[in-house]
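# An overview of the molecular structure
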Amino acid sequence: MDSGLDSLLDFPLFYPIRHAFAEGKPIDEIPKTLAKDYLYSNPEILVTLLGSHDDGRFMSEKGATIAGLKLANAFVLTTRGVPQLYYGDEIAMEGGDEPTTRGDFPGGFAGDKRNAFSVGGRTKEQQELFEYIRRLITLRRELEPLRTGRLVNLYVSEQQYAYARTERSGVVVIVINNENDASTIEFDVSRIASSGVFMDQLGVSGPVQIKDGKMRVSLPKRSAAIFVR
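Here's what I pulled together on the structure shown here. In this text the structure is predicted, and so the values were computed from the model without any measurement.

Rules used in this analysis
Residues numbered from 1 in each chain as written. Predicted model: local features only at pLDDT ≥ 70, side-chain atom pairs only at ≥ 80, totals over all residues. Heavy atoms only, no water. Axes fitted to C-alpha atoms, helices over the stretch in contact; angles between N-to-C directions. Helix = DSSP H or I, 4+ residues; strand = E, 2+ residues; numbered from the N terminus. Left-handed = near helix turned anticlockwise from the far one by under 90°. Contact = heavy atoms within 4.5 Å. Nonpolar A, V, L, I, M, F, W, Y, C, P; charged D, E, K, R; others polar. Pairing = 2+ DSSP bridges.

Here the focus is the packing of helix 1 (residues 11–21) against helix 3 (residues 66–76). Relative orientation of the contacting elements helix 1 and helix 3 amounts to 145 degrees, with a least axis distance of 9 Å. Judged by the sense of rotation from one axis to the other, the crossing of helix 1 with helix 3 is right-handed. Judged by residue contacts, Leu 13, Ile 17 and Phe 21 of helix 1 engage Gly 68, Leu 71, Ala 72, Phe 75 and Val 76 from helix 3. When grouped by side-chain class, the residues that make up the contact of helix 1 with helix 3 number 7 nonpolar, 1 polar and no charged.

This is the structure:
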């Protein structure tokens, strides 16, 4: 059927993202959902999102934490699709339903008690989150594979997920640990790289050497790493 629409909001992926990173449910539902991309004529232009004015903010989801919000943004800004960032999520604004989900961003108008558009108007935790998301956006802008690369699943378990974005210009490997404990995983990367040292661009992991076509990655609890050669 020709709907006349070029793209859609990717709600089938929206719910596994919220369940995994806010509620701590198994992360493997995300790649299971991505496996159904064949249903779309062009999944690369589906709009990925964590929340919106209609669906409640991520931080109002049951069990949501700043750590989970970081992981959710790390995934959305490195997976396939066109990421949509909802205002206020960069400072962990809350709002479970209308009208609170459409609350004003603090600052920008005369008489506002604080101005979160400036560093001085953010808490230490909010500033850390803000900088983390800005770093992810910078990496997406600088690394072509994160924008246009083919998505390749490398490793999936209940709370760990590793995948790559591959392009002629290079390869980026993303590893996510959604567990509340540190974790070490090893997975085959021979399809995308046979050798080399990969460096984490988020400063969470040390350098990783590919050996016998495999990467062995150790991550702290609830963290993500973005590796480039």
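Picking up after the structure, the text goes on.
With that out of the way, let us pick up the sheet that holds strand 4 (residues 160–167). Pairing within the open sheet is antiparallel, and its 6 strands lie in the order 3-4-5-10-7-8. Strand pairing shows two members of the sheet lacking a second neighbour, strand 3 (150–156) and strand 8 (208–209), which therefore form its edges. In this structure, strand 4 lies alongside strand 5 (residues 170–177), joined through 8 bridges in antiparallel fashion. In the sheet register, Glu 167 faces strand 5, and the bridge partner there is Gly 170.

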